[in-house]
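# Reading the structure
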Amino acid sequence: MHYYRYSNAEVSCWYKYLLFSYNIVFWLAGVAFLAAGLWAWSEKGVLSDLTKVTGLHGLDPVLLVLLVGVVMFTLGFAGCVGALRENICLLKFFCGAIVFIFLLELAVAVMAFLFQDWVRDRVKEFFENNIKSYRDDIDLQNIIDSLQRLNHCCGAQGPEDWDFNIYFNCNSESKSREKCGVPFSCCIPDPAQKVVNTQCGYDIRTKSKNQWDDQIFVKGCIHALEAWLPRNIYIVAGVFIAISLLQIFGIFLARSLISDIEAVKASNAF
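Residues numbered from 1 in each chain as written. Predicted model: local features only at pLDDT ≥ 70, side-chain atom pairs only at ≥ 80, totals over all residues. Heavy atoms only, no water.

### Section: unusual backbone geometry
Glycine aside, negative phi is the norm for most residues, and most peptide bonds take the trans geometry. The cut-off we apply is this: A run of H or I in DSSP becomes a helix once it reaches four residues, and a run of E becomes a strand once it reaches two; helices and strands are each numbered from the N terminus. The classification of residues rests on relative accessible area computed with a 1.4 Å probe and restricted to protein chains. Under 20% of the type maximum is buried, over 50% is exposed, and intermediate values are partly exposed.
Even without a glycine there, the phi angle at His 152 is positive, about 50°. In this structure, His 152 sits in the loop between α6 (138-151) and α7 (221-231). A relative accessible area of 46% means that His 152 is categorised as partly exposed.

Next up, the structure:
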């Protein structure tokens, strides 16, 4: 006896391989993020002593890279294998995770708009905690320096915030050479200098505040970011919309493929 498969009882190759192509990019990107994060931890000696992960009071940027890598790798793998193997469980996991992430992003955006004062206080607290750990982690130090240089700012609310760091604190008992100073990234750059003067912020806060304006940035980074956002609102909105459209497209492909697979199974059951 011969059995024939009807043409309408086949999973759409269009949805199947488009979803696979969509996810292979994220899967490879996840692998790259994980590799970069593990390499950075290896260079810092964290892999040989995992207690260093909890020893840092501020944010370890590598941890964020690894978290993004794990999420992208997991979702990319589930989407790729689910599409190729026509596995409904993996596809539903992929679809549900994307929906959850999308709703989480939307909720964060709405909360940030409705509770601006609360968000400002949390950002201030977060920035101050990272100032405390400025010298404890080279990656965190580079991020803070880049933020201050690019935004022409210093500290969370101002240069005085560097009192939170034991090396820059003005405490009379401090033995640090950086005592009562600020990092070089707070200094107003001199166009004539081709080499960065990393000692330009030494002892600056022992001087009168009237003299600060000529040597360092006096605006806090929170105020600088608040001023930056309205000027670049279209860029921020464009990035958010682009990410949202990518997520919606992935959800659409996954749901379409799931519907096709379920229809084929129902058709073959008769």
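### Observations regarding the UniProt feature "transmembrane region" (unreviewed entry) in the protein chain
Heads up, the rule is: UniProt positions are given in the numbering used here, feature names are shortened, and annotations may be inferred rather than shown by experiment.
UniProt's feature table lists "transmembrane region" (unreviewed entry) at residues 20-42, 62-84, 91-115 and 233-254, given in the numbering used throughout. A helix fraction of 100% and a strand fraction of 0% characterise residues 20-42, whose end C-alpha atoms lie 32 Å from each other. This span, residues 62-84, is 100% helix and 0% strand, and a straight line between its end C-alpha atoms measures 32 Å.

### Some words on the pattern of salt bridges
Put simply, the rule reads: Note on definitions: salt bridges are taken to be side-chain nitrogens of Lys or Arg within 4 Å of carboxyl oxygens of Asp or Glu.
The tally for this structure, following the rule as stated, stands at 10 salt bridges. A salt bridge links Lys 92 to Glu 262, with the nearest nitrogen and oxygen atoms 3.9 Å apart. Of this pair, Lys 92 sits in helix α4 (residues 88-114) while Glu 262 sits in helix α8 (residues 233-268), and the two are 170 residues apart along the sequence. Between Arg 122 and Glu 125 there is a salt bridge, and its shortest N-O distance comes to 3.3 Å. With Arg 122 and Glu 125 both in helix α5 (residues 116-132), this residue pair falls 3 residues apart, about one helical turn. Judged by its relative accessible area of 40%, Glu 125 falls in the partly exposed class. One network of salt bridges, with partners in common, ties together Asp 117, Arg 120 and Glu 226.

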